[in-house]
Amino acid sequence: MTKRTEPKARATEVAYDAIESLIATLKLEPGQAIVENDLVQLTGLGRTPIREALMRLVAAGLIEQQPRRGLRVSDIYVAEHLILIDTRRVLEQLIAAGSARRATPSQRQAIVHCAGQMIEAAAAGDLNGYMRADQALDHVNHDACRNPFAVQAVVPMIVKCRRFWYAFQYEGDLERGAACHMQLAKGIADGDPDQARQGADALMDYLASFTRKVIE
């Protein structure tokens with residue numbers, strides 16, 4: 001793959017998103033050793049942005065640094081996942097209410113469009129399309145809320161939830177997940193913080209139910 005030339009900060013962001021996606025979709029499996037040369041080939045980016053992205057992923061808990069053994073993808077801790085969702089719930093409610101108050105007209109339109117794509121993908125059983133639309137909805141929601149502190153805290157949790165879904169998708173219900181996202185999106189689009197919070201809460205209820213099915 002031909003290496004792209006990007007300004008340093010942008011290249012690091014591209015590398016972070018690329019590696020994050022590989023982890024979330026299990027292309028980099030839990031416990032797998034991180035080989036820098038492989039990531040350079042997979043992303044088409046240079047070693048500096050890859051290394052900087054890996055440092056951020058270590059800080060986020062998605063990659064672990066082991067003494068004398070280098071980096072590895074963190075494991076999926078099923079028993080702790082409900083605790084993660086409880087923590088994520090508080091942040092998602094804060095973000096949803098912020099977006100309902102602060103989103104621009106174009107962002108309100110875009111977030112409903114993304115939720116609509118999720119509903120279409122769910123009806124078609126298109127998991128990859130569903131996840132792409134889910135990720136796009138998150139990006140709009142995070143930009144619209146104007147709260148970088150909450151976003152920075154929640155993003156690693158979202159990636160861990162997405163990875164959990166890919167690992168145990170046989171227990172999932174795409175249509176229920178899409179409906180929860182649409183409730184969230186409509187609350188933001190209508191400028192209704194309470195409805196948006198309720199949508200975020202419904203989504204976390206769904207993820208908790210999904211997790212309990214896996215545990216049981």
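Parameters at a glance
Residues numbered from 1 in each chain as written. Predicted model: local features only at pLDDT ≥ 70, side-chain atom pairs only at ≥ 80, totals over all residues. Heavy atoms only, no water. Helix = DSSP H or I, 4+ residues; strand = E, 2+ residues; numbered from the N terminus. Buried < 20%, exposed > 50% of the residue type's maximum accessible area, 1.4 Å probe, protein only. Polar contact = N/O pair within 3.5 Å; in protein donor to acceptor, adjacent residues only side chain to side chain. Salt bridge = Lys/Arg side-chain N within 4 Å of Asp/Glu carboxyl O.

(A) View of the side chain of threonine 43. Along the chain, the position of threonine 43 falls in helix H2 (residues 36-43). Its relative accessible area of 5% is what places threonine 43 among the buried residues. Within the structure, the side chain of threonine 43 is placed 2.8 Å from the backbone oxygen of leucine 39, a separation counted as a polar contact.

(B) Unusual backbone geometry, seen in detail. Notably, leucine 26 is not glycine yet its phi reads approximately 65°, a positive angle. For leucine 26, the position within the fold is in the loop between helix H1 (8-24) and H2. Taking the relative accessible area as the measure of exposure, leucine 26 reaches 23% and is therefore partly exposed. Positive phi outside glycine occurs at arginine 146, with the angle close to 60°. With respect to the secondary-structure elements, arginine 146 resides in the loop between helix H6 (127-145) and helix H7 (148-167).

(C) Molecular detail of the pattern of salt bridges. According to the stated counting rule, one finds 11 salt bridges in the structure shown. Aspartate 75 is the salt-bridge partner of arginine 72, the closest N and O atoms lying 3.1 Å from each other. Residue classification places arginine 72 among the buried residues on the basis of a relative accessible area of 14%. Take aspartate 75: its relative accessible area is 28%, and that puts it in the partly exposed class. For aspartate 201, the salt bridge goes to arginine 89, with nearest N and O atoms at 2.5 Å. Residue aspartate 201 is found in helix H9 (residues 193-215), and its partner arginine 89 is found in helix H4 (residues 81-102); the two are separated by 112 residues along the sequence. Under the relative-accessibility criterion, arginine 89 is labelled buried at 16%. In this structure, a network of salt bridges that share partners links the residues Glu36, Arg47 and Arg51.

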